[in-house]
Amino acid sequence: MDFALSEEQQAIFDMAQAFGQDHIAPRARQWEAEGTIPKALWAKVAELGLGGIYVSEDHGGSGLTRLDATLVFEALAMACPAVSSFLSIHNMCGGMIDKFGSDALKARVLPKLCSMEQIFAYCLTEPGSGSDAAALRTKALRDNEGYRLTGTKAFISGGGYADGYIVMARTGEDGPRGISAIVVPDGAAGLSFGGLEDKMGWRAQPTRQVQMDDCAVPADNLIGVEGKGFAYAMAGLDGGRLNIAASALGGAQAAFDATLAYMGERRAFGKTLDQFQALQFRLAELEVKLQSARIFLRQAAWKLDNAAPDATKFCAMAKLYVTDAAFDVANQCLQLHGGYGYLADYGVEKIVRDLRVHQILEGTNEIMRLIVSRALLEARG
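Since we're looking at a predicted model, the values are computed, not measured.

Novice: Would you mind going over the pattern of salt bridges with me for this structure?
Specialist: It is possible for side chains of opposite charge to pair when their charged atoms get near one another. Under the criterion given, the structure shown has 16 salt bridges. Lys-303 is the salt-bridge partner of Asp-310, the closest N and O atoms lying 3.1 Å from each other. You can call Lys-303 buried: its relative accessible area is 12%. The partner of Asp-354 in a salt bridge is Lys-350, with the nearest N and O atoms 2.6 Å apart. One end of the pair is Asp-354 and the other is Lys-350, both in helix α10 (residues 348-356) and 4 residues apart, which spans about a single turn.

Put into structure tokens, the structure is as follows:
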């Protein structure tokens, strides 16, 4: 059993890490203060082939694996988890369209998505349906022109910023089988946005409600088949959960690296902090958490790439374990910095704030436990 990255995978990680340190890390605090990510960044990201990571090469993508994607997002998150995670959402949209969309839709949408001329956002959650996503109430009524959507989506990263939105809307009966996935372009009649949300973390990402009032879109903006949207969304979430876990891991690794350096410089009681055995033990525990989380994440990604029957369970377990471990590592790193950890200049407090939401989105970690337990009971028979 070989746990090492291939030369190509190591090159992917190194490329993404170098890009993040050069183009994202020096500006991350500024973008957080401004509450937005300059769109000029995305053209540079796309030049590296990261605008359509697992979109097929026929449509301008890179055709990489889910494991490759986790390397990209871990590396970029070492510069800023908020930017890395935003890119992961865009890529999740591209993956859904590439996997389930019609040939005509793919040809029309994916080239600009992959070049990041157009940024995409994912619209599932509603004010009254978070964890119970299948209870969504946004409706899409079919007419001679196409679909007319009415409803509100909440907590949408890129709301009012994106150029296109994949909207889960009800085209049929109650429950998951009545939900379809539809592409809604920015500027569509009846599309509007709520005010900018004031968030604890991920502050560089503009987050708003996405509101549709008799919003008209063409019929060929439907992704795949009517009534299959919820299944498409859940399939997309397997990969999305890995990406969010990878971004959490990258942020935690950056906090740990900063803490290791800080403890070699900060002196107390006549010696540097890294000379106290109790604190050495703390560092060892954090390193174990990071390495075990990394192995678990990559195993889950491997299962998804190989269509293993238990891939969904492993993606849920990895999301649960890695995001919990990453937040704990970052929080302990802040503690090891003492009062300096609470100051923005040292960068650790931002990581702690950014990583807290990773335990909530793409399915809360409570829902991950539910997915895992159901899989165990089903396997028991």
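Now that the structure has been shown, the text picks up again.
Novice: Looking at this model, I keep getting lost on the pairing of strand β4 (residues 164-170). Mind explaining?
Specialist: Sheet faces and side chains relate simply in a regular strand, where the side chains alternate between the two faces. Taking burial as the measure, the 7 residues of β4 include 7 buried ones, the bulk of the element. Neither face of β4 is open: one carries Gly-164, Ile-166, Met-168 and Arg-170, the other Tyr-165, Val-167 and Ala-169, and all of them are buried. Pairing analysis gives 4 bridges linking strand β1 (residues 120-123) to β4, with the strands arranged parallel. Looking at β4, one finds that Tyr-122 is bridged to Ile-166.

Novice: I keep staring at the nonpolar core and nothing clicks. Help me out?
Specialist: In summary, soluble globular proteins display a tendency toward joint burial of nonpolar side chains. Ranked by size, the top nonpolar core spans 104 residues in total, and within it Trp-42, Ile-97, Tyr-122, Ile-166 and Met-168 carry the most contacts. The element contributing the most residues to this core is helix α7 (residues 229-263), with 16 residues. Not counting the four nearest positions on each side in its chain, Tyr-122 is found in contact with Ile-89, Met-92, Cys-93, Met-96, Ile-156, Ile-166, Met-168, Ala-233 and Leu-237. Counting residues in hydrophobic clusters, the runner-up holds 19 residues, among them Ala-162, Ala-169, Val-184 and Ala-188.

Novice: I keep staring at the packing of α7 against helix α9 (residues 311-336) and nothing clicks. Help me out?
Specialist: How two helices sit against one another is set out by the angle between their axes and by the gap between those axes. α9 packs onto α7 with a crossing angle of 20 degrees between their chain directions and a minimal axis gap of 8 Å. Regarding the angle of α7 to α9, the classification is roughly parallel. You can see that α7 and α9 cross each other, and the crossing is left-handed.

Novice: Mind showing me how you'd approach the environment of Phe-86 here?
Specialist: Tracing the backbone through its elements, the reader meets Phe-86 in helix α5 (residues 81-100). In sequence terms Phe-86 and Ala-231 are 145 residues apart; their C-alpha atoms lie 22 Å from each other. The residues touching Phe-86, leaving out its near neighbours within four places in the chain, are Ile-37, Trp-42, Ile-119, Ser-157, Gly-158, Tyr-161 and Gln-205.

Novice: Quick question: what am I supposed to make of the packing of aromatic side chains here?
Specialist: Geometrically, a pair of aromatic rings is defined through the distance of the ring centres and the angle of the planes. One pass over the full model with this rule turns up 9 aromatic pairs. Between the aromatic rings of Trp-42 and Phe-86, the centroid separation amounts to 5.7 Å while the plane-to-plane angle is 25 degrees, which identifies the pairing as stacked. One end of the pair, Trp-42, is in helix α3 (residues 40-47); the other, Phe-86, is in helix α5, with 44 residues separating them in the sequence. Like Phe-86, Trp-42 is buried. Among the aromatic residues, ring-to-ring pairing joins Trp-42, Phe-86 and Tyr-161 into one connected group. The ring centre of Tyr-161 lies 4.8 Å from the NZ or CZ of Lys-39, which sits over that ring.

Novice: For this particular structure, what's the right way to read the packing of helix α8 (residues 277-305) against α9?
Specialist: Interaxial distance between α8 and α9 falls to 9 Å at its minimum, and their mutual angle equals 155 degrees. It follows that α8 is roughly antiparallel to α9 by the angle criterion. Of the two elements, α8 crosses α9, and the hand of that crossing is left-handed. A per-class count over the contact of α8 with α9 returns 19 nonpolar, 4 polar and 4 charged.

The rules we used
Residues numbered from 1 in each chain as written. Predicted model: local features only at pLDDT ≥ 70, side-chain atom pairs only at ≥ 80, totals over all residues. Heavy atoms only, no water. Salt bridge = Lys/Arg side-chain N within 4 Å of Asp/Glu carboxyl O. Buried < 20%, exposed > 50% of the residue type's maximum accessible area, 1.4 Å probe, protein only. Helix = DSSP H or I, 4+ residues; strand = E, 2+ residues; numbered from the N terminus. Pairing = 2+ DSSP bridges. Core = buried A, V, L, I, M, F, W, Y, C linked by side-chain atoms within 4.5 Å. Contact = heavy atoms within 4.5 Å. Axes fitted to C-alpha atoms, helices over the stretch in contact; angles between N-to-C directions. Parallel < 35°, antiparallel > 145°, perpendicular 65-115°, else oblique. Left-handed = near helix turned anticlockwise from the far one by under 90°. Phe/Tyr/Trp six-rings, centres within 6.5 Å; stacked < 30°, edge-to-face > 60°. Lys NZ or Arg CZ within 6 Å of the ring centre and 35° of its normal. Nonpolar A, V, L, I, M, F, W, Y, C, P; charged D, E, K, R; others polar.

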